[in-house]
Amino acid sequence: MSNPSAITALFIVLEKAVTTALRYDPGTQAQLAKLAGQTLLIDCSRPAQKMYIQFGAADITLAGHYEDDVSATLSGSGADIAKLLFGDQHSLYGSGVSISGNAGVLAQLQGLAGQLDIDWEMALADLIGTLPAHTLANSLRTASGWGRERAQGAERLVREYLAEESSAVLGRSEFALFVDDIDNTRLALDRLGARIARLRARQDHKDH
Amino acid sequence: MSEKKTTHFGFEQVETDKKAERVADVFHSVAGKYDLMNDLMSGGVHRLWKRYTIEKSAVRAGHKVLDIAGGTGDLSYQFSRKVGPDGLVVLADINASMLNVGRDRLLDRGAAGNLTFAQADAQYLPFPDNTFDCITIAFGLRNVTDKDMALEAMLRVLKPGGRLLILEFSKPGNPLLEKAYDTYSFKLLPLMGKLITNDSDSYRYLAESIRMHPDQKTLQGMMDSAGFVMTEFQNMTGGIVALHMGVKP
């Protein structure tokens, strides 16, 4: 059996992280209130651990032990469950995860996880004050925009070099032309095959 | 001439009827800084042990809970939130100083309405039979003079199907951990007590009383003898602490 002290400590850390994140995303927090009173059991097979998520009006409580009825149970490996909850997959098919109980709880939770939009500037402001937080956030936004532009520029340069200068790979337009040519050739061959078949049929008819 | 009955007070033997008084002196002395010392002594881990106890209690809205030796009210506060306005939590402690600290602390945290306080001895619980859905005693049983008598009293006031949870220091399973724990308890703990509360004797007693407390299996046997069923225990932090559970048939 897993160490209750360590598991409890982990749950406290997760709970605090989620509660703090929700405080800086009032939209998601308001949506979460719709789940208030529901309990989701995550029955993880690898690592073997049960985690009960009890939804409150503005927070969640995590527990390893719970004796009331649960709204839904999600079973699978930890990696598969995380992929399902936080990834783009919207179907359980092929996910390695099974659900019993009210699947609507899972759908709502998945939606919430997908739309989580934390106001980092507000979180920073609570730590260092409004003005320094705004200045820092602006700098970070500028740096991040500059970084994104440079990354996109570098990608474009590499693409052009490979396609135009070194001719190591085909450009996108050349490839499209090539594919069109193949399509046209295939159509012409199909027509030619059909004509040959028709001529052969006519010839056979004359012979008889 | 009749010989007076004795019992242990830490490693010291004292007359049975004097133990409660001596324990009371210890807790009068440490009450004001009990929480701070608990955090320092356990590195904050006592909060994890208590939270796990609350999970295992399975207390829900409308339940009646008795928190014996509830001290500064850590468990009572959480229970008060769980049982809601239709439930009841009784914070009981034999020591008036601890009870006062607990009551003030709970009121400061806004816990009221479904909480009452009782200065009560665990051996003579002043409640009717079959009253509570759950009883907890956290870090208190080892200070009780007659533990068997206390267990019988708890069984009496529990409702049939109600559960008892005993959170208490116990015996580490690993000899190396036990050695390190002994060094910590008998060297570092009294030193911390001296620095923070200027009272090393009280903290030496706490360490000694832990060593004199029955180990996991013995306590489980005592619960069985008192009449509890489905008794079990869960070691925490390598057995430094154990949570015993039992149900009234």
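Details of the structure are given in the entry above.
Residues numbered from 1 in each chain as written. Chains lettered and ligands numbered in written order. Predicted model: local features only at pLDDT ≥ 70, side-chain atom pairs only at ≥ 80, totals over all residues. Heavy atoms only, no water.

> Would you mind going over the interface of chain A and chain B with me for this structure?
One frequently used descriptor of interface size is the decrease in accessible area upon assembly of the parts. Facing the 16 residues of chain A at the interface are 13 residues of chain B. Around 1,200 Å² of area is buried between chain A and chain B when both sides are counted, 50% of it from carbon and sulfur atoms. Contact with chain B buries area across many residues of chain A, yet Pro4, Ser5 and His65 of chain A alone supply 39% of it, more than any other trio. Inspection of the chain A/chain B interface yields three salt bridges. (Contact = heavy atoms within 4.5 Å. Buried area = accessible area lost by both parts, 1.4 Å probe. Salt bridge = Lys/Arg side-chain N within 4 Å of Asp/Glu carboxyl O.)

> Help me out: how do you make sense of the sheet that holds strand S2 (residues 49-55) of chain A in this one?
Two strands in a sheet stick together by hydrogen bonds in their backbones, pointing the same way (parallel) or opposite ways (antiparallel). All names here are of chain A. Judged by pairing direction, the sheet is mixed, and its five strands sit side by side in the order S3-S2-S1-S4-S5 without closing on themselves. In this open sheet, the two edge strands, each paired with only one partner strand, are strand S3 (60-63) and strand S5 (98-101). Averaged over all pairs of adjacent strands, the angle between strand axes in this sheet comes to 20 degrees, irrespective of strand direction. Where S2 lies against S3, four bridges are found, and the strand directions are antiparallel. In the strand pairing of S3, Ile53 is matched with Leu62. Its contacts with the sheet put helix H1 (residues 4-23) on S2 and S3, and the angle it makes with S3 is roughly 165 degrees. (Pairing = 2+ DSSP bridges. Helix = DSSP H or I, 4+ residues; strand = E, 2+ residues; numbered from the N terminus. Axes fitted to C-alpha atoms, helices over the stretch in contact; angles between N-to-C directions.)

> What am I meant to see in the side chain of His244 of chain B here?
All names here are of chain B. Its place among the elements puts His244 in strand S9 (residues 241-247). The class for His244 is buried, based on a relative accessible area of 2%. At 2.8 Å, the side chain of His244 forms a polar contact with the backbone oxygen of Gln216. Setting aside anything within four residues of it in sequence, one finds His244 in contact with Leu164, Leu165, Ile166, Gln216, Leu219, Gln220, Met223, Glu232 and Phe233. (Buried < 20%, exposed > 50% of the residue type's maximum accessible area, 1.4 Å probe, protein only. Polar contact = N/O pair within 3.5 Å; in protein donor to acceptor, adjacent residues only side chain to side chain.)

> Got a minute to help me understand the side chain of Lys248 of chain B in this structure?
All names here are of chain B. Along the chain, the position of Lys248 falls in the segment after S9. In this structure Lys248 is buried but unpaired, with Asp129 as the nearest side chain of opposite charge at 6.7 Å. Side-chain polar atoms of Lys248 contact the backbone oxygen of Leu158, separated by 2.7 Å. Each residue touching Lys248, except ones within four places of it in the same chain, is listed here: Asn130, Leu155, Arg156, Leu158, Lys159, Pro160, Gly161, Gly162 and Phe228. (Lys, Arg positive; Asp, Glu negative; His and termini not counted.)

Interpretation note: all reported values are geometric properties and have no functional meaning in isolation.
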